[in-house]
Amino acid sequence: MDATDGPTVIKLGVEDAIAALALSTEAHWNQTEEDWHVFLHDGVVFGIRDGARLVATAALLPYSGNNAWISMVLVSATHRRRGLATRLVDACLETARKNGLTSWLDATPDGAAVYGPLGFTPTLQLRRLKLVNPAQETSESPAVATLDALCARDRRTTGFDRTALLTAFVQRSGSRIVAAHGCIALVRDGRTARHIGPLFADNAAKALALVHAIARSETLPLLIDAVASQAAFLEGLTASGWSIERPFQRMRFGPATTAGEEMPFAVAGPEFG
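Residues numbered from 1 in each chain as written. Predicted model: local features only at pLDDT ≥ 70, side-chain atom pairs only at ≥ 80, totals over all residues. Heavy atoms only, no water.

> So what's going on with the overall build of the chain? Which residues, and what values?
The helix and strand inventory of the chain stands at eight helices and 13 strands. Radius of gyration (C-alpha) of the chain: 18 Å, near the 19 Å computed for a compact globule of 273 residues. In terms of principal-axis extent, the alpha carbons of the chain reach across some 60 × 35 × 30 Å. Counting the 273 residues in the chain, one finds 50% classified as buried. When contacts within the chain are restricted to residue pairs at least 6 apart in sequence, those whose partners lie at least 24 apart make up 72%. Accessible surface, the chain: about 12200 Å² in total, of which carbon and sulfur atoms supply 53%. Of the side chains in the chain, 26 bear a positive and 28 a negative charge, and the two mean positions are spaced by 2 Å. (Helix = DSSP H or I, 4+ residues; strand = E, 2+ residues; numbered from the N terminus. Rg over C-alpha atoms; globule rule 2.2 N^0.38 Å. Buried < 20%, exposed > 50% of the residue type's maximum accessible area, 1.4 Å probe, protein only. Contact = heavy atoms within 4.5 Å. Areas by Shrake-Rupley, 256 points an atom, 1.4 Å probe, with all protein chains shown as cover. Lys, Arg positive; Asp, Glu negative; His and termini not counted. Charge placed at Lys NZ, Arg CZ, Asp CG, Glu CD.)

Written as structure tokens, this is what we have:
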């Protein structure tokens, strides 16, 4: 498609947060208005309007080491199958190319079929799980940990410096960093459910113990995005009442970057839906 064909792609600003939230809410995603402010303030968000109404978005959020994340690829149900998502992803990729950035994204199975021909390479298989009714007990909550400890473990594991993003998460009301037996995790609010992640641990048993301790101290539904290759961790979650909502695929566009030193048990991508 020629750059002059089709609806105009525009850059959005922080004043568009409410309109963008309406799109992610329509898609039943878990984002909050604060999540959108991260993209609109720290990244580049492209959009398409139909008159005054925002009908499609895609965001590019820079990371360390010449990496960036494409996320919030959303199209209203009334405007799908018109090539709007491809047009917006192309805008993100062009911006990344101009800035020498390797682009990453998390794709649904349908999305992966679209992104593959565009040049994206699969890297990590993930599973979104949900616990609808945490079994709150009177046992003590896990110990509180520091932001510095979380960022250091995240950097060592992922190979990215996500200090700014994690700091934004932690500074929100309701967020907490918890740790036990060498494990550490972030718990934060979403629109309809609390989200656990990232979560780092030395082994599956310790990771499951920390998740169970978190669940015992929560009352709202919980979400976690678990790494599919951590089979013992996934099996332990489903055996304790967690249900798999959907799979998704982490993908990379561009040259490989330095990998982290260990595999996480649960992740927090910038889409944090």
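That covers the picture; the talk isn't over yet.
> Please give an account of the pairing of strand E5 (residues 102-107) that cites residues and values.
Taken across its six residues, E5 has six buried, putting it largely inside the fold. Residues Thr-102, Trp-104 and Asp-106 of E5 are buried on one face, and the alternating residues Ser-103, Leu-105 and Ala-107, pointing to the opposite face, are buried as well. Taken together, the three bridges between strand E4 (residues 67-75) and E5 define a ladder with parallel strand orientation. Residue pairing for E5: Ala-68 is matched across the bridge by Ser-103. Traced from E4 through helix H3 (residues 84-98) to E5, the parallel crossover comes out right-handed. (Pairing = 2+ DSSP bridges. Right-handed = clockwise from strand over helix to strand, strands pointing away.)

> Could you give me a rundown of the packing of helix H5 (residues 147-158) against helix H6 (residues 163-170), with the residues and numbers involved?
When two helices pack together, their arrangement is given by the angle between the helix axes and by the axis-to-axis distance. Relative orientation of the contacting elements H5 and H6 amounts to 140°, with a least axis distance of 10 Å. The angle between H5 and H6 falls in the class oblique. Crossing handedness for the pair H5 and H6: right-handed. Residues Leu-147, Leu-150, Cys-151, Asp-154 and Arg-155 of H5 form the contact with H6, whose participating residues are Thr-163, Leu-166, Thr-167 and Val-170. For the contact of H5 with H6, the per-class residue count stands at five nonpolar, two polar and two charged. (Axes fitted to C-alpha atoms, helices over the stretch in contact; angles between N-to-C directions. Parallel < 35°, antiparallel > 145°, perpendicular 65-115°, else oblique. Left-handed = near helix turned anticlockwise from the far one by under 90°. Nonpolar A, V, L, I, M, F, W, Y, C, P; charged D, E, K, R; others polar.)

> Talk me through the pairing of strand E3 (residues 53-62); I want residue IDs and the actual numbers.
A large share of E3 lies buried, amounting to eight of its ten residues. Sheet topology note: the strand E2 (residues 44-50)/E3 ladder contains seven bridges and is antiparallel. Looking at E3, one finds that Val-45 is bridged to Ala-59. In this antiparallel pair of consecutive strands, E2 and E3, the connection spans two residues, and Gly-51 shows a positive phi of 70°. Note that E3 and E4 share six bridges and pair antiparallel. When the sheet's bridge partners are listed, Thr-57 is paired in E4 with Leu-74. Linking E3 to E4, which pair antiparallel, is a turn of four residues; within it Gly-65 sits at a positive phi near 65°.

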